[in-house]
Amino acid sequence: MSKRIYLSPPHMGGEELAYIHQAFDTNWVSPAGPHIDTFEKELGAYNGIEYCAALSSGTAAIHLALVILGVKPGDEVICSSFTFSGSCNPIVYVGATPVFVDSELDTWNMDPVLLEEAILDRIKEGKKPKAIVLVHLYGMPAKLNELMAVSRKYEIPVIEDAAEVLGSTFFGQKAGTFGDFGVYSFNGNKIITTSGGGALVSKNEDWIKKARFLATQARDAAPHYQHSEIGYNYRLSNISAGIGLGQLKVIDDRVRQRRANFEFYRGALGHLPGISFQPEMSGSFSNRWLTTILIDPSKTGGITREDIRIALEKENIESRPLWKPMHLQPVFQQFPSYGGGVSERLFERGLCLPSGSALSQEELKRVISFVL
Ligand SMILES: *Cc1c(COP(=O)(O)O)cnc(C)c1O
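Residues numbered from 1 in each chain as written. Predicted model: local features only at pLDDT ≥ 70, side-chain atom pairs only at ≥ 80, totals over all residues. Heavy atoms only, no water.

> Just checking my understanding: could you explain the sheet that holds strand 12 (residues 292-295) for this structure?
To summarise the sheet geometry, strands pair through backbone hydrogen bonds and adopt either a parallel or an antiparallel arrangement. In spatial order, the strands read 10-12-15-13; together these four strands make up an open sheet with antiparallel pairing. The open sheet has two free edges, formed respectively by strand 10 (275-277) and strand 13 (320-321), since each of these has just one partner strand. Two elements, strand 12 and strand 15 (residues 350-352), share three bridges in a ladder whose sense is antiparallel. Across the sheet, residue isoleucine 293 finds its bridge partner in strand 15, namely leucine 351. Seen against the sheet, helix 10 (residues 305-314) touches strand 12, strand 13 and strand 15 and runs at an angle of roughly 25° to strand 15. (Pairing = 2+ DSSP bridges. Helix = DSSP H or I, 4+ residues; strand = E, 2+ residues; numbered from the N terminus. Contact = heavy atoms within 4.5 Å. Axes fitted to C-alpha atoms, helices over the stretch in contact; angles between N-to-C directions.)

Structural data, given as structure tokens:
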């Protein structure tokens with residue numbers, strides 16, 4: 001059997017181990033230490049945003065953003081339906097109700113028209129949403145101009161779930177820096193990894209200070225352990241931050257490599273009837289975290305997404321359907337949702353192709369030989 005080709009494996013840059021050794025040499029083997037502080041500064045500078053808190057995951061970052069915005073049990077929070085459950089689980093952690101909004105077909109992200117409809121309908125029901133979790137999928141920025149205009153019109157804060165878009169830009173500005181909060185993830189499958197980790201960014205210094213305070217068990221200033229608030233153990237470790245420092249050195253290479261994968265796949269498959277790709281609207285620059293294709297069986301002679309996925313799996317090649325929309329998930333289907341048909345169709349027809357930044361030309365050719 002040929003060596004397995006994974007969907008999106010970690011790809012070290014080379015300097016990560018030196019940072020880990022440095023942490024051991026200075027005994028900062030702890031969820032505190034100089035690598036964490038440097039990682040926060042460098043990640044903030046890369047994204048062009050003032051304040052950044054390094055955390056244990058992207059999910060933890062969304063959770064803290066909701067806590068800091070004061071979302072309480074019984075409140076409602078709008079979230080993209082087409083996403084990974086990490087976007088909306090934290091809404092339930094704080095006792096609030098997720099309200100799902102469907103995608104549009106230009107970017108596959110939240111539909112601004114439906115967002116406004118959903119807000120107006122919730123207000124009519126007597127419940128103005130407390131926040132919006134706006135997700136950018138597979139590297140592609142959402143329609144930020146329209147979505148941010150709606151959020152400002154109704155004065156509802158936005159938490160940008162930028163877990164999949166580190167390095168992507170919208171009219172030159174980094175995705176994740178448009179909302180009141182931005183969230184990044186450094187899980188093992190993301191464009192860069194800390195072996196598991198995340199970050200919360202904002203222009204508001206007090207909020208980020210509060211995030212660090214809550215992430216370290218909410219200790220008041222006292223010689224003993226004194227608490228006036230419920231805290232969390234959500235800080236990134238100094239070892240993980242060291243991996244992050246090594247990875248940040250190569251982030252621009254990683255974006256180039258992932259975009260090159262996309263160009264390869266589009267060149268090889270783009271002319272086939274019934275196969276299409278996630279569009280990149282003018283003004284948007286995607287990191288192409290994952291190359292995703294849509295397969296329309298009415299134009300492929302009956303070949304479906306599952307036919308291709310199973311054929312690849314037989315050759316030891318990992319691929320995966322697009323995210324199953326949250327409004328279809330057993331655990332979330334009782335919650336309100338607006339629209340749904342667009343993400344349902346994307347889920348039915350969409351496939352994520354192997355997209356690691358270390359894929360060789362031979363491996364890419366192996367993948368397309370089994371898609372064709
Ligand atoms: C990965 C991911 C998250 C969660 O990040 P973790 O660091 O794994 O907690 C949230 N939202 C989206 C869209 C993601 O892809």
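Don't stop here, the text continues.
> Can you walk me through the sheet that holds strand 7 (residues 173-174) in this structure?
Reading across from one edge, 7-6-11 is the order of the three strands in this open sheet, with antiparallel pairing throughout. Edge positions in the sheet fall to strand 7 and strand 11 (284-285), since each has one partner strand and no second.

> Sorry, what's going on with the pairing of strand 3 (residues 97-101) here?
Every other side chain in a regular strand lies on the same face of the sheet, so the side chains alternate between the two faces. In terms of residue burial, strand 3 counts as a mostly covered element, since four of its five residues are buried. Both strand 2 (residues 76-80) and strand 3 contribute to a ladder of five bridges, which runs parallel. Bridged to valine 77 within strand 3 is proline 98. Note: strand 3 against strand 14 (residues 337-338), two bridges, orientation parallel. (Buried < 20%, exposed > 50% of the residue type's maximum accessible area, 1.4 Å probe, protein only.)

> Help me out: how do you make sense of the nonpolar core in this one?
General note: in soluble globular proteins, nonpolar side chains tend to be found buried as a group. Grouped together as the largest cluster of nonpolar side chains are 71 residues, with contacts concentrated most on Leu64, Leu66, Tyr138, Leu166 and Leu200. The leading source of residues in this core is helix 3 (residues 58-68), at seven residues. In this view, leucine 64 contacts Leu55, Leu200, Ala211, Leu214, Ala215, Tyr232 and Tyr234; residues no more than four positions away in its chain are not counted. Formed by 21 residues, the second largest nonpolar core is a distinct cluster that contains Leu147, Met148, Ile156 and Phe170. (Core = buried A, V, L, I, M, F, W, Y, C linked by side-chain atoms within 4.5 Å.)

> Mind showing me how you'd approach the site of the ligand here?
Surveying the vicinity of the ligand reveals 14 residues, the closest of which are Thr59, Asp161, Glu164, Ser185 and Lys190. In the model, a nitrogen atom of the ligand is placed 3.4 Å from a nitrogen or oxygen of the serine 87 side chain. In this structure, an oxygen atom belonging to the ligand sits 2.6 Å away from a side-chain N or O atom of glutamate 164. In isolation the ligand has 380 Å² of accessible area, and contact with the protein removes 94% of it. When the residues that make up the shell around the ligand are grouped by side-chain class, the tally is three nonpolar, eight polar and three charged. (Near = heavy atom within 4 Å. Polar contact = N/O pair within 3.5 Å; in protein donor to acceptor, adjacent residues only side chain to side chain. Areas by Shrake-Rupley, 256 points an atom, 1.4 Å probe, with all protein chains shown as cover. Nonpolar A, V, L, I, M, F, W, Y, C, P; charged D, E, K, R; others polar.)

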